[in-house]
Structures are given as C-alpha cells and as structure tokens.
Amino acid sequence: VQLQASGGGLVQVGGSLRLSCAASGRTFNSYVMGWFRQAPGKEREFVGAIKWNGGSTTYGNAVKGRFTISKNTATNTLYLQMNSLKLEDTAGYYCVAGRGLITSVVSDPTKYDYWGQGTLVTVSS
C-alpha cells in the first residue's frame, strides 16, 4: 500500500488549502482513512477520518467546523479541505489508512496500518 500526500504549502492566516492523498496497492472498502498532523516539538494530533465505505466522518476538536474530509472512491483519493487557517495549523500533515476501525478508535494513531510521507503546511501572518 502506498499513500502519497500532496498539496501542502505556504498560506496566510485565514486562507484555505486543500490536501490530497493518492492511495494505491489494494481496495480500501473496509478501511478508514484520515489525516494526522505533527508540528515541531509537539505530539502527533488527530485531524480527521472518513470511512471509505459509507463516508461517515470524525474530526479532531481543533479543526471542527474549519476542515472537511472527503473522498473520491473512483480514483482512490482522499482530500482535506482546510479553511480559516490559523498559525497553530502549521504542521506536517500525514494521510493514514487503517482496516476495520470503529469510530471510538479512529483518533488513535497506533490503530493505523499505513502512513504516507507527509506534506508540510505553513500558515503565516
């Protein structure tokens, strides 16, 4: 399985950015896919997740109402639309895939089987 994240860059406070994650190597119908982020010197943080079959979503408290996860099952692509960006959103963003996860554990990074290489998002003032 390969997860290839892209779309990171430099954006001003209040701006928007969309990340993509191209997934390959297997079918993902039974998987949960999502995003984590990690800023320098900080712990890894859950951003959000989506069930590949059905599309239900879960978000971390820090991004609720600002970020939206979506998917294109035809192209096996995961998206993260980030709006109203804040300085504290600056981090490396990683897409992840985990098989058969239930909602109560989707925020646990140890439950995911596959991690992408990450894409850097920098929010400036």
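Residues numbered from 1 in each chain as written. Predicted model: local features only at pLDDT ≥ 70, side-chain atom pairs only at ≥ 80, totals over all residues. Heavy atoms only, no water.

K.L.:
Go over the pairing of strand 5 (residues 45-51), please, and point to the residues and values.
P.N.:
Among the seven residues that make up strand 5, five are buried, leaving the element largely enclosed by the rest of the structure. Where strand 4 (residues 31-38) and strand 5 come together, six bridges link them in antiparallel fashion. Its bridge partner being in strand 5, R37 is matched across the sheet by E45. Between strand 4 and the antiparallel strand that follows it, strand 5, lie six residues; G41 among them carries a positive phi value of about 80 degrees. Two elements, strand 5 and strand 6 (residues 57-59), share three bridges in a ladder whose sense is antiparallel. Opposite G48, over in strand 6, you have Y59 as the bridge partner. From the end of strand 5 to the start of strand 6, which pair antiparallel, there are five residues, and G54 there has a positive phi angle of about 120 degrees. (Buried < 20%, exposed > 50% of the residue type's maximum accessible area, 1.4 Å probe, protein only. Helix = DSSP H or I, 4+ residues; strand = E, 2+ residues; numbered from the N terminus. Pairing = 2+ DSSP bridges.)

K.L.:
I'd like a description of the side chain of T77, backed by residues and values.
P.N.:
Residue placement: T77 occurs in strand 8 (residues 77-82). Its relative accessible area of 11% is what places T77 among the buried residues. Within the structure, T77 has its side chain in polar contact with the side chain of T75 (distance 3.0 Å). Setting aside residues up to four positions removed in sequence, T77 forms contacts with S20, C21, W52, S70, K71 and N72. (Polar contact = N/O pair within 3.5 Å; in protein donor to acceptor, adjacent residues only side chain to side chain. Contact = heavy atoms within 4.5 Å.)

K.L.:
Tell me about the packing of aromatic side chains, and please be specific about residues and values.
P.N.:
All chains considered together, the criterion is met by six aromatic pairs. Centroid distance F28 to W52: 6.4 Å. Interplanar angle 65 degrees. Geometry classified as edge-to-face. Highlighted residues: F28 in the loop between strand 3 (17-24) and strand 4 and W52 in the loop between strand 5 and strand 6, separated in sequence by 24 residues. Take F28 and W52: they sit in the same class, and that class is buried. In textbook terms, an aromatic cluster arises when at least three aromatic residues are bridged by ring pairs, as seen for F28, Y31, W52 and Y114. Note that K71 overlies the ring of W52, its terminal NZ or CZ placed 5.8 Å from the centroid. (Phe/Tyr/Trp six-rings, centres within 6.5 Å; stacked < 30°, edge-to-face > 60°. Lys NZ or Arg CZ within 6 Å of the ring centre and 35° of its normal.)

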